[in-house]
Amino acid sequence: AIGILEKCEGHVIFSGMGKSGLIGAKISSTFSSIGQPSHVVHPAEAVHGDLGSIRREDVVILMSYSGTTEEVLNLAAILRTDGIPSIGISKSDDSPLAKLCTAHLETGSLSEACPLNLAPTASTTATLAIGDALGLALSRRRNFTADEFHKHHPGGMLGIGLRTITEIIRFKVGDNLPVIDENTLVGEALAMARPTKGVRRAGAILLVNQDGNLTGIFTDGDLRRLVIDDSQPMQRRIGDVATKNPRRLPANALVRDAQQLVAEYRVDEIPVVDDDNLPIGLIDVQDLIAMKVVTE
(Lines give C-alpha, C1' and ligand atoms only; values in the text may rest on other atoms or scores of the structure.)
Protein backbone atom coordinates (compact mmCIF):
# COMPACT_ATOMS: atom_id res chain seq x y z
CA ALA A 1 0.00 0.00 0.00
CA ILE A 2 2.83 2.39 0.82
CA GLY A 3 4.51 1.57 -2.48
CA ILE A 4 1.32 2.45 -4.37
CA LEU A 5 0.98 5.75 -2.49
CA GLU A 6 4.63 6.67 -3.00
CA LYS A 7 4.19 6.41 -6.77
CA CYS A 8 1.03 8.54 -6.74
CA GLU A 9 1.46 11.57 -9.03
CA GLY A 10 -2.06 12.90 -8.49
CA HIS A 11 -4.43 13.01 -5.53
CA VAL A 12 -5.13 10.39 -2.90
CA ILE A 13 -8.91 10.06 -2.81
CA PHE A 14 -10.91 8.57 0.06
CA SER A 15 -14.33 7.03 -0.32
CA GLY A 16 -16.70 5.31 2.08
CA MET A 17 -20.36 5.27 3.07
CA GLY A 18 -21.70 6.74 6.30
CA LYS A 19 -19.25 6.77 9.21
CA SER A 20 -16.50 5.35 7.02
CA GLY A 21 -16.84 8.35 4.73
CA LEU A 22 -16.46 10.72 7.69
CA ILE A 23 -13.35 8.87 8.83
CA GLY A 24 -12.05 9.13 5.28
CA ALA A 25 -12.45 12.91 5.39
CA LYS A 26 -10.27 13.09 8.50
CA ILE A 27 -7.57 10.86 6.99
CA SER A 28 -7.70 12.92 3.79
CA SER A 29 -6.97 15.98 5.91
CA THR A 30 -3.93 14.21 7.37
CA PHE A 31 -2.61 13.45 3.89
CA SER A 32 -3.07 17.06 2.79
CA SER A 33 -1.23 18.34 5.86
CA ILE A 34 1.84 16.28 4.98
CA GLY A 35 1.96 17.59 1.44
CA GLN A 36 0.00 14.90 -0.39
CA PRO A 37 -2.98 16.45 -2.24
CA SER A 38 -6.12 14.63 -1.19
CA HIS A 39 -9.89 14.88 -1.26
CA VAL A 40 -13.03 12.86 -0.61
CA VAL A 41 -15.50 11.40 -3.10
CA HIS A 42 -18.81 9.92 -1.98
CA PRO A 43 -19.13 6.43 -3.52
CA ALA A 44 -22.80 6.85 -4.44
CA GLU A 45 -22.20 10.27 -5.97
CA ALA A 46 -19.21 8.89 -7.85
CA VAL A 47 -21.35 6.63 -9.99
CA HIS A 48 -23.82 9.47 -10.59
CA GLY A 49 -21.48 11.95 -12.17
CA ASP A 50 -18.56 12.50 -9.79
CA LEU A 51 -16.23 9.95 -11.40
CA GLY A 52 -14.72 12.86 -13.29
CA SER A 53 -12.97 13.93 -10.09
CA ILE A 54 -10.92 10.71 -10.17
CA ARG A 55 -8.03 10.70 -12.64
CA ARG A 56 -5.69 7.97 -13.83
CA GLU A 57 -2.76 9.41 -11.85
CA ASP A 58 -4.77 9.26 -8.61
CA VAL A 59 -4.92 6.55 -5.95
CA VAL A 60 -8.26 5.75 -4.29
CA ILE A 61 -8.59 4.39 -0.76
CA LEU A 62 -11.90 2.58 -0.24
CA MET A 63 -13.24 1.93 3.26
CA SER A 64 -15.92 -0.52 4.31
CA TYR A 65 -15.57 -2.48 7.53
CA SER A 66 -17.72 -5.33 6.26
CA GLY A 67 -16.12 -5.16 2.83
CA THR A 68 -19.56 -5.70 1.30
CA THR A 69 -21.00 -2.16 1.02
CA GLU A 70 -22.65 -2.08 -2.41
CA GLU A 71 -21.79 1.53 -3.33
CA VAL A 72 -18.15 1.03 -2.40
CA LEU A 73 -17.93 -2.25 -4.33
CA ASN A 74 -19.45 -0.63 -7.42
CA LEU A 75 -16.80 2.10 -7.31
CA ALA A 76 -14.06 -0.45 -6.70
CA ALA A 77 -15.16 -2.44 -9.78
CA ILE A 78 -15.12 0.71 -11.96
CA LEU A 79 -11.64 1.66 -10.73
CA ARG A 80 -10.35 -1.82 -11.47
CA THR A 81 -11.77 -1.69 -14.99
CA ASP A 82 -10.21 1.76 -15.56
CA GLY A 83 -6.83 0.66 -14.24
CA ILE A 84 -6.81 3.17 -11.38
CA PRO A 85 -4.90 1.81 -8.34
CA SER A 86 -6.97 1.34 -5.21
CA ILE A 87 -6.33 0.39 -1.59
CA GLY A 88 -9.11 -1.23 0.39
CA ILE A 89 -9.59 -1.23 4.16
CA SER A 90 -12.01 -3.79 5.58
CA LYS A 91 -12.15 -6.46 8.28
CA SER A 92 -10.88 -9.34 6.15
CA ASP A 93 -8.54 -10.04 3.26
CA ASP A 94 -11.25 -12.43 2.04
CA SER A 95 -13.90 -9.69 1.71
CA PRO A 96 -15.36 -8.79 -1.71
CA LEU A 97 -13.70 -5.37 -1.42
CA ALA A 98 -10.29 -6.92 -0.86
CA LYS A 99 -10.63 -8.95 -4.06
CA LEU A 100 -11.38 -5.85 -6.15
CA CYS A 101 -8.56 -3.62 -4.85
CA THR A 102 -4.93 -3.40 -5.91
CA ALA A 103 -3.89 -3.73 -2.25
CA HIS A 104 -5.85 -4.40 0.90
CA LEU A 105 -5.40 -3.79 4.61
CA GLU A 106 -7.53 -5.69 7.10
CA THR A 107 -8.60 -4.42 10.50
CA GLY A 108 -9.46 -7.87 11.71
CA SER A 109 -12.85 -8.79 13.13
CA LEU A 110 -13.74 -6.34 15.90
CA SER A 111 -16.43 -6.02 18.56
CA GLU A 112 -17.94 -2.56 18.48
CA ALA A 113 -17.94 -0.48 21.67
CA CYS A 114 -21.68 -0.04 21.19
CA PRO A 115 -23.62 -2.15 23.79
CA LEU A 116 -25.54 -3.66 20.90
CA ASN A 117 -22.32 -4.28 18.91
CA LEU A 118 -23.92 -2.34 16.06
CA ALA A 119 -22.91 1.34 15.92
CA PRO A 120 -19.55 1.79 14.16
CA THR A 121 -17.08 2.66 16.94
CA ALA A 122 -14.15 0.29 17.31
CA SER A 123 -14.17 -0.41 13.57
CA THR A 124 -14.06 3.26 12.61
CA THR A 125 -11.30 3.90 15.16
CA ALA A 126 -9.24 1.08 13.67
CA THR A 127 -9.80 2.44 10.16
CA LEU A 128 -8.71 5.89 11.30
CA ALA A 129 -5.54 4.48 12.87
CA ILE A 130 -4.68 2.58 9.71
CA GLY A 131 -5.32 5.62 7.50
CA ASP A 132 -3.21 7.97 9.61
CA ALA A 133 -0.46 5.34 9.76
CA LEU A 134 -0.47 5.23 5.96
CA GLY A 135 -0.09 9.00 5.81
CA LEU A 136 2.74 9.12 8.33
CA ALA A 137 4.57 6.23 6.70
CA LEU A 138 4.26 8.01 3.36
CA SER A 139 5.66 11.23 4.84
CA ARG A 140 8.63 9.31 6.20
CA ARG A 141 9.19 7.56 2.87
CA ARG A 142 9.23 10.97 1.16
CA ASN A 143 11.43 12.56 3.86
CA PHE A 144 8.82 15.21 4.63
CA THR A 145 10.46 17.96 6.73
CA ALA A 146 9.28 20.31 9.48
CA ASP A 147 9.79 23.26 7.12
CA GLU A 148 7.48 21.66 4.57
CA PHE A 149 4.96 20.92 7.33
CA HIS A 150 5.05 24.59 8.31
CA LYS A 151 4.16 25.62 4.75
CA HIS A 152 0.92 23.67 5.10
CA HIS A 153 0.23 24.99 8.63
CA PRO A 154 1.00 28.72 8.57
CA GLY A 155 -1.76 29.47 11.05
CA GLY A 156 -2.80 28.24 14.49
CA MET A 157 -0.59 26.90 17.26
CA LEU A 158 1.11 24.42 14.92
CA GLY A 159 2.15 27.21 12.59
CA ILE A 160 3.31 29.49 15.40
CA GLY A 161 5.38 26.76 17.02
CA LEU A 162 7.23 26.11 13.77
CA ARG A 163 8.23 29.74 13.20
CA THR A 164 11.87 30.58 13.86
CA ILE A 165 12.49 32.71 16.93
CA THR A 166 14.25 35.34 14.82
CA GLU A 167 10.82 36.07 13.29
CA ILE A 168 9.36 37.07 16.65
CA ILE A 169 12.33 38.68 18.45
CA ARG A 170 11.31 42.09 19.76
CA PHE A 171 14.49 42.94 21.67
CA LYS A 172 17.49 43.06 19.36
CA VAL A 173 21.15 43.83 20.00
CA GLY A 174 22.04 47.23 18.56
CA ASP A 175 18.43 48.32 18.67
CA ASN A 176 16.71 48.10 22.05
CA LEU A 177 18.76 45.45 23.87
CA PRO A 178 21.82 46.49 25.92
CA VAL A 179 24.94 44.30 25.80
CA ILE A 180 27.57 45.22 28.39
CA ASP A 181 31.06 44.03 29.30
CA GLU A 182 31.00 41.67 32.29
CA ASN A 183 33.66 43.78 34.07
CA THR A 184 31.44 46.88 34.22
CA LEU A 185 30.18 48.05 37.63
CA VAL A 186 26.49 47.55 38.29
CA GLY A 187 25.81 51.29 38.64
CA GLU A 188 27.54 52.08 35.36
CA ALA A 189 25.79 49.22 33.60
CA LEU A 190 22.36 50.40 34.73
CA ALA A 191 23.14 53.92 33.53
CA MET A 192 24.27 52.57 30.15
CA ALA A 193 21.14 50.47 29.85
CA ARG A 194 18.79 53.31 30.75
CA PRO A 195 15.97 53.26 28.19
CA THR A 196 15.69 56.03 25.64
CA LYS A 197 12.42 57.92 25.80
CA GLY A 198 9.83 56.18 23.68
CA VAL A 199 11.91 53.00 23.26
CA ARG A 200 10.92 50.00 25.34
CA ARG A 201 13.82 48.12 26.87
CA ALA A 202 14.03 44.47 27.87
CA GLY A 203 13.95 43.51 31.53
CA ALA A 204 17.49 42.14 31.34
CA ILE A 205 21.01 43.07 30.34
CA LEU A 206 23.18 40.64 28.39
CA LEU A 207 26.81 40.36 29.50
CA VAL A 208 29.75 39.52 27.25
CA ASN A 209 33.48 38.98 27.60
CA GLN A 210 36.19 40.83 25.71
CA ASP A 211 35.55 38.65 22.66
CA GLY A 212 31.86 39.54 22.63
CA ASN A 213 30.73 36.07 23.69
CA LEU A 214 27.69 35.74 25.92
CA THR A 215 28.74 34.99 29.52
CA GLY A 216 25.75 36.02 31.62
CA ILE A 217 22.43 37.80 31.99
CA PHE A 218 21.51 40.41 34.61
CA THR A 219 17.77 40.42 35.26
CA ASP A 220 15.42 42.48 37.39
CA GLY A 221 15.44 39.55 39.83
CA ASP A 222 19.23 39.66 40.07
CA LEU A 223 19.04 43.41 40.81
CA ARG A 224 16.43 42.96 43.55
CA ARG A 225 18.46 40.27 45.29
CA LEU A 226 21.61 42.39 45.04
CA VAL A 227 19.99 45.49 46.55
CA ILE A 228 18.58 43.45 49.44
CA ASP A 229 21.77 41.50 50.21
CA ASP A 230 24.57 44.00 49.48
CA SER A 231 25.35 47.30 51.25
CA GLN A 232 27.03 48.76 48.14
CA PRO A 233 25.21 47.12 45.24
CA MET A 234 26.13 49.72 42.63
CA GLN A 235 29.87 49.16 43.20
CA ARG A 236 29.85 45.45 42.44
CA ARG A 237 31.23 44.02 39.21
CA ILE A 238 28.11 43.05 37.26
CA GLY A 239 29.60 39.78 36.04
CA ASP A 240 29.95 38.65 39.68
CA VAL A 241 26.31 39.18 40.58
CA ALA A 242 24.59 38.18 37.31
CA THR A 243 23.25 34.78 36.30
CA LYS A 244 26.26 33.12 34.71
CA ASN A 245 26.12 30.92 31.61
CA PRO A 246 22.36 31.34 31.09
CA ARG A 247 20.30 28.94 29.03
CA ARG A 248 20.17 30.21 25.46
CA LEU A 249 18.84 29.37 22.03
CA PRO A 250 20.55 29.44 18.62
CA ALA A 251 19.24 31.79 15.96
CA ASN A 252 17.74 28.89 13.98
CA ALA A 253 15.69 27.59 16.94
CA LEU A 254 11.90 27.45 16.68
CA VAL A 255 9.25 29.08 18.82
CA ARG A 256 8.38 25.67 20.20
CA ASP A 257 11.99 25.35 21.44
CA ALA A 258 11.52 28.56 23.44
CA GLN A 259 8.20 27.23 24.70
CA GLN A 260 9.88 24.04 25.92
CA LEU A 261 12.67 25.99 27.64
CA VAL A 262 10.15 28.12 29.53
CA ALA A 263 8.11 25.06 30.50
CA GLU A 264 11.11 23.08 31.77
CA TYR A 265 13.17 25.76 33.50
CA ARG A 266 10.70 28.60 34.21
CA VAL A 267 12.97 31.22 32.68
CA ASP A 268 11.53 34.64 31.84
CA GLU A 269 14.23 35.81 29.42
CA ILE A 270 16.06 33.68 26.87
CA PRO A 271 19.16 35.05 25.11
CA VAL A 272 19.48 34.23 21.40
CA VAL A 273 22.99 33.78 19.99
CA ASP A 274 24.59 33.17 16.61
CA ASP A 275 26.92 30.29 15.70
CA ASP A 276 29.83 32.08 17.41
CA ASN A 277 27.93 32.58 20.69
CA LEU A 278 27.55 36.30 20.00
CA PRO A 279 24.21 37.61 21.35
CA ILE A 280 21.76 38.86 18.73
CA GLY A 281 18.55 39.19 20.72
CA LEU A 282 16.37 38.22 23.66
CA ILE A 283 13.08 36.34 23.88
CA ASP A 284 10.86 37.67 26.65
CA VAL A 285 8.31 35.28 28.17
CA GLN A 286 5.68 38.02 27.82
CA ASP A 287 6.05 37.77 24.04
CA LEU A 288 5.30 34.05 24.22
CA ILE A 289 2.32 34.72 26.49
CA ALA A 290 0.99 37.32 24.04
CA MET A 291 1.24 34.73 21.27
CA LYS A 292 -0.60 32.25 23.55
CA VAL A 293 2.30 29.83 23.19
CA VAL A 294 2.70 29.68 26.98
CA THR A 295 0.37 30.65 29.83
CA GLU A 296 1.18 32.76 32.85
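Above this note sits the structure.
Now for a quick tour of the structure. (Residues numbered from 1 in each chain as written. Predicted model: local features only at pLDDT ≥ 70, side-chain atom pairs only at ≥ 80, totals over all residues. Heavy atoms only, no water.)

Section: the environment of L278
And step 1. Looking at the secondary structure, you find L278 in the loop between β12 (269–273) and β13 (279–284).
And step 2. Distance in space between the C-alpha atoms of L278 and L214 is 6.0 Å, their sequence separation being 64 residues.
And step 3. The residues touching L278, leaving out its near neighbours within four places in the chain, are D211, G212, N213, V272 and V273. (Helix = DSSP H or I, 4+ residues; strand = E, 2+ residues; numbered from the N terminus. Contact = heavy atoms within 4.5 Å.)

Description of helix α6 (residues 122–141)
And step 1. Compared with the 28 Å implied by 1.5 Å per residue over 20 residues, the 28 Å span of α6 between its first and last C-alpha is a close match.
And step 2. Here α6 has its buried residues at S123, T124, A126, T127, G131, D132, L134, G135, L138 and S139.
And step 3. Against the buried residues of α6 lie α1 (2–6), α2 (19–33), β3 (59–63), β4 (86–90) and β5 (103–106).
And step 4. In the stretch just after α6, N143 is the one whose phi turns positive, near 55°. (Expected span 1.5 Å × (residues − 1). Buried < 20%, exposed > 50% of the residue type's maximum accessible area, 1.4 Å probe, protein only.)

Let's talk about the sheet that holds strand β6 (residues 171–172)
Sheets are built from strands paired through backbone hydrogen bonds, the pairs being either parallel or antiparallel.
And step 1. A sheet is described by the order of its strands in space; here 4 strands give the open sequence β6-β13-β12-β11, paired in mixed fashion. Sheet topology places β6 and β11 (249–250) at the edges, where each strand pairs with a single neighbour.
And step 2. In the sheet, β11 pairs with β12 via 2 bridges, with the strands oriented parallel. Bridged to L249 within β12 is V272. (Pairing = 2+ DSSP bridges.)

Observations regarding the sheet that holds β4
And step 1. Strand order in the open sheet formed by 5 strands is β2-β1-β3-β4-β5, and the pairing between neighbours is parallel. Each end of this open sheet is capped by a strand with a single partner; those strands are β2 (38–40) and β5. Strand after strand, the sheet turns through a mean of 20° between neighbouring axes, direction not considered.
And step 2. Bridging between strand β1 (residues 12–16) and β3 involves 5 bridges; their strand directions are parallel. If you follow F14 over to β3, its bridge partner there is I61. (Axes fitted to C-alpha atoms, helices over the stretch in contact; angles between N-to-C directions.)

Here's the deal with the nonpolar core
And step 1. With 17 residues, the main nonpolar core has L5, V12, F14, F31, I61 and I87 as its most contacted residues.
And step 2. Of all the elements in the fold, those that place two or more residues in this core are α1, β1, α2, β3, β4 and α6.
And step 3. Discounting chain neighbours no more than four positions away, the residues touching I87 are A1, I4, L5, V59, V60, I61, L62, C101, A103 and L105.
And step 4. I165, A253, V272 and L288 belong to the second largest nonpolar core, which has 15 residues in total. (Core = buried A, V, L, I, M, F, W, Y, C linked by side-chain atoms within 4.5 Å.)

Concerning unusual backbone geometry
And step 1. Here N117, not a glycine, exhibits a phi torsion of approximately 60°, which is positive.
And step 2. Position of N117 relative to the elements: it lies in the loop between β5 and α6.
And step 3. Despite not being glycine, N245 has its phi angle at roughly 45°, a positive value.
And step 4. Its place among the elements puts N245 in the loop between β10 (243–244) and β11.

Quick word on the side chain of H104
And step 1. Tracing the sequence through the fold places H104 in strand β5.
And step 2. When its relative accessible area of 16% is taken as the criterion, H104 is described as buried.
And step 3. A distance of 2.7 Å separates polar atoms of two side chains, one belonging to H104 and the other to D93.
And step 4. When near neighbours in sequence (up to four residues on either side) are disregarded, H104 contacts G88, I89, S90, S92, D93, S95 and A98. (Polar contact = N/O pair within 3.5 Å; in protein donor to acceptor, adjacent residues only side chain to side chain.)

None of this, on its own, says anything about what the molecule does.
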